[in-house]
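Now for the letters of each chain:
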Amino acid sequence: MPELVHLPADAPMAAMADVLDRDGALILDSVLTPEAVATMVAELSPYVAATPAGRDGFTGVRTTRTGALVARSPAVREAVTDPRISRLCKHLLKANCERWQLHLTQLIRIMPGQGAQPIHRDRWAWGAHLKGIEPQLNTIWALTDFTVENGATQVVPGSSAWPDDRKAEAHEITQAVMKAGSVLVYTGSVFHGGGANRSDQDRWGLNLTYALGWLRQEENQYLACPPEIARTLSPELQDLMGYALGGYALGYYTPPLPPGEGPELVPPSFALRGEAEGAVFGSAEDLAAIGAQVRGT
């Protein structure tokens, strides 16, 4: 059976990137302190308790999935902008986009009696339409210990380059066994799935994922965290959620106001911060980047 590489939370970026490129997954140990875990659990517990279980074998009939976490939890906001994860996003995604974005926030609670989730790729959220590029970086933050018995995530290290129809065999699958406060990092292409919970305790995993800025997000951040809430957040987090242009001409809008009473062609950040540079799509830097890419083809 393969094993996932464990690295300390302060491991060099190069070491994390090397393992991620080779295996498609790794574990960062002890990223959160016990106190930080307790704070996050306290903030999320009322929402988790009120979340119904899934209705099919994939979402899990003994599994709950609680979203809108940026709007609901200050502690989650800190995790979303963790600099280690940002550096890995830059390493994995920046070659194929001008900006990456927050793709999904979800607290996944696997309850006793839940069977194993089918092995899959998260990139299948876009079907099999994307070929030859990695669209996604994913994290699962352990808010309880992850054990073999309670449903630690199944992972197939080294499977990122497999064809979509390749089926993992039992000896190729391992589990992300880790202590609470640790983080499983994996690509959108690596095969994985929730484990079976054969224990008498819940397994809590905070799923935060990131994607290329020109793709549709799995969780609609503009509805999950609408402008009236988003404008209270930091500009960094606002932009990461998608309240920024995804490229020179991706995501602008025109405020629907009477003639002459509002600007034209403004970035999404205008809805939060009132910033506008006139009737242009995006920045000169973004336009230059497109030109450089076109000339390089």
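These notes cover the structure that comes with them. (Residues numbered from 1 in each chain as written. Predicted model: local features only at pLDDT ≥ 70, side-chain atom pairs only at ≥ 80, totals over all residues. Heavy atoms only, no water.)

## Notes on the packing of aromatic side chains
Next up, step 1: Taken as a whole and judged by the stated rule, the model has 5 aromatic pairs.
Next up, step 2: Here the aromatic rings of W162 and F191 are separated by 5.6 Å at their centres, their planes lie at 40°, and the arrangement is tilted. Residue W162 is found in the loop between β6 (154-155) and β7 (174-175), and its partner F191 is found in the loop between β8 (183-187) and β9 (192-193); the two are separated by 29 residues along the sequence. Here W162 matches F191 in class, with each residue buried.
Next up, step 3: Ring geometry for Y248 versus F281: centroids 5.7 Å apart, planes at 85°, classification edge-to-face. Of the two residues, Y248 sits in the loop between α8 (235-241) and α9 (270-273) while F281 sits in the loop between α9 and α10 (284-296), which places them 33 residues apart along the sequence.
Next up, step 4: Judged by its relative accessible area of 18%, Y248 falls in the buried class. (Phe/Tyr/Trp six-rings, centres within 6.5 Å; stacked < 30°, edge-to-face > 60°. Helix = DSSP H or I, 4+ residues; strand = E, 2+ residues; numbered from the N terminus. Buried < 20%, exposed > 50% of the residue type's maximum accessible area, 1.4 Å probe, protein only.)

## Side note on helix α5 (residues 83-93)
Next up, step 1: When α5 is considered as a whole, its buried residues turn out to be R84, I85, L88, C89, L92 and L93. Mapping the buried residues of α5 onto a view down its axis gives an arc of 140°, with all of them on the same face.
Next up, step 2: For α5, the secondary structure elements touched by its buried residues are α1 (13-23), β4 (100-110), β5 (136-142), β8 and β10 (203-212). (Arc of directions from axis to C-beta. Contact = heavy atoms within 4.5 Å.)

## Regarding the pattern of salt bridges
Next up, step 1: Taken as a whole and judged by the stated rule, the model has 9 salt bridges.
Next up, step 2: One salt bridge in this structure joins R84 and D82, with 2.7 Å as the shortest N-O distance.
Next up, step 3: Note on R84: relative accessible area 19%, which makes it buried.
Next up, step 4: D202 is paired through a salt bridge with R109; the nearest N and O atoms lie 3.8 Å apart. Taken as a pair, D202 in the loop between β9 and β10 and R109 in strand β4 lie far apart in primary sequence, 93 residues in all.
Next up, step 5: Bridged by salt links that share partners, the residues R121, K131 and D164 form one connected network. (Salt bridge = Lys/Arg side-chain N within 4 Å of Asp/Glu carboxyl O.)

## Remarks on the sheet that holds β6
Backbone hydrogen bonds are what pair the strands of a sheet, in a parallel or an antiparallel way.
Next up, step 1: With respect to topology, 3 strands assemble into an open sheet ordered β7-β6-β9, the strand pairing being antiparallel. Of all strands in the sheet, those with a lone pairing partner are β7 and β9, marking the two edges.
Next up, step 2: Direction of pairing for β6 relative to β9: antiparallel, over a ladder of 2 bridges. Residue Q154 lies in a different strand from β9, and its bridge partner there is G193. (Pairing = 2+ DSSP bridges.)

## Some points on the environment of I110
Next up, step 1: Note on placement: I110 falls in strand β4.
Next up, step 2: Considered as a pair, I110 and V61 are 49 residues apart in the sequence and their alpha carbons are 9.4 Å apart.

## Observations concerning the pairing of β10
Next up, step 1: Summarising burial for β10: 10 of the 10 residues are buried, a large majority.
Next up, step 2: Two elements, β5 and β10, share 7 bridges in a ladder whose sense is antiparallel. When the bridges of β10 are listed, A142 appears paired with G205.

## A short note on the side chain of H192
Next up, step 1: Inspection of the secondary structure puts H192 in strand β9.
Next up, step 2: Of note is the side chain of H192, whose polar atom sits 3.2 Å from the side chain of D122.
Next up, step 3: Polar side-chain contacts of H192 include one of 3.2 Å to the backbone oxygen of V190.
Next up, step 4: With residues up to four places along the chain from it excluded, the contact list for H192 reads P118, I119, H120, R121, D122, T153, Q154, V155 and Y186. (Polar contact = N/O pair within 3.5 Å; in protein donor to acceptor, adjacent residues only side chain to side chain.)

## Considerations on the sheet that holds strand β1 (residues 6-8)
Next up, step 1: Spatially, 7 strands are ordered β1-β2-β8-β5-β10-β4-β3 in an open sheet, and the strand pairing comes out mixed. Both outer strands of the open sheet, β1 and β3 (63-66), are each paired with one neighbouring strand and no more. Strand-to-strand twist across the sheet, computed as the mean angle between neighbouring axes with direction ignored, equals 25°.
Next up, step 2: Relative to strand β2 (residues 25-29), α1 is tilted by about 145°, and along the sheet it contacts β1, β2, β5 and β8.
Next up, step 3: Where α5 meets the sheet, its contacts fall on β4, β5, β8 and β10, and the angle it forms with β5 comes to roughly 155°. (Axes fitted to C-alpha atoms, helices over the stretch in contact; angles between N-to-C directions.)

## Quick look at α1
Next up, step 1: Those residues of α1 that fall on the buried side of the exposure criterion are M16, A17, V19, L20 and D23. Mapping the buried residues of α1 onto a view down its axis gives an arc of 165°, with all of them on the same face. In α1, the exposed positions angled more than 90 degrees off the buried face are occupied by A14, D18 and R22.
Next up, step 2: Here the buried face of α1 lies against β1, β2, α5, β5 and β8.
Next up, step 3: Of the residues flanking the end of α1, it is G24, one or two places downstream, whose phi is positive at about 80°.

## Some remarks on the state of the cysteines
Next up, step 1: In the structure shown here, the tally under the stated rule is 0 disulfides.
Next up, step 2: There is no disulfide at C89, and the cysteine sulfur nearest it, in C97, is 9.0 Å away.
Next up, step 3: A relative accessible area of 0% means that C89 is categorised as buried.
Next up, step 4: Taking the relative accessible area as the measure of exposure, C97 reaches 5% and is therefore buried. (Disulfide = S-S within 2.5 Å.)

Any functional reading would require information that these geometric values do not contain.
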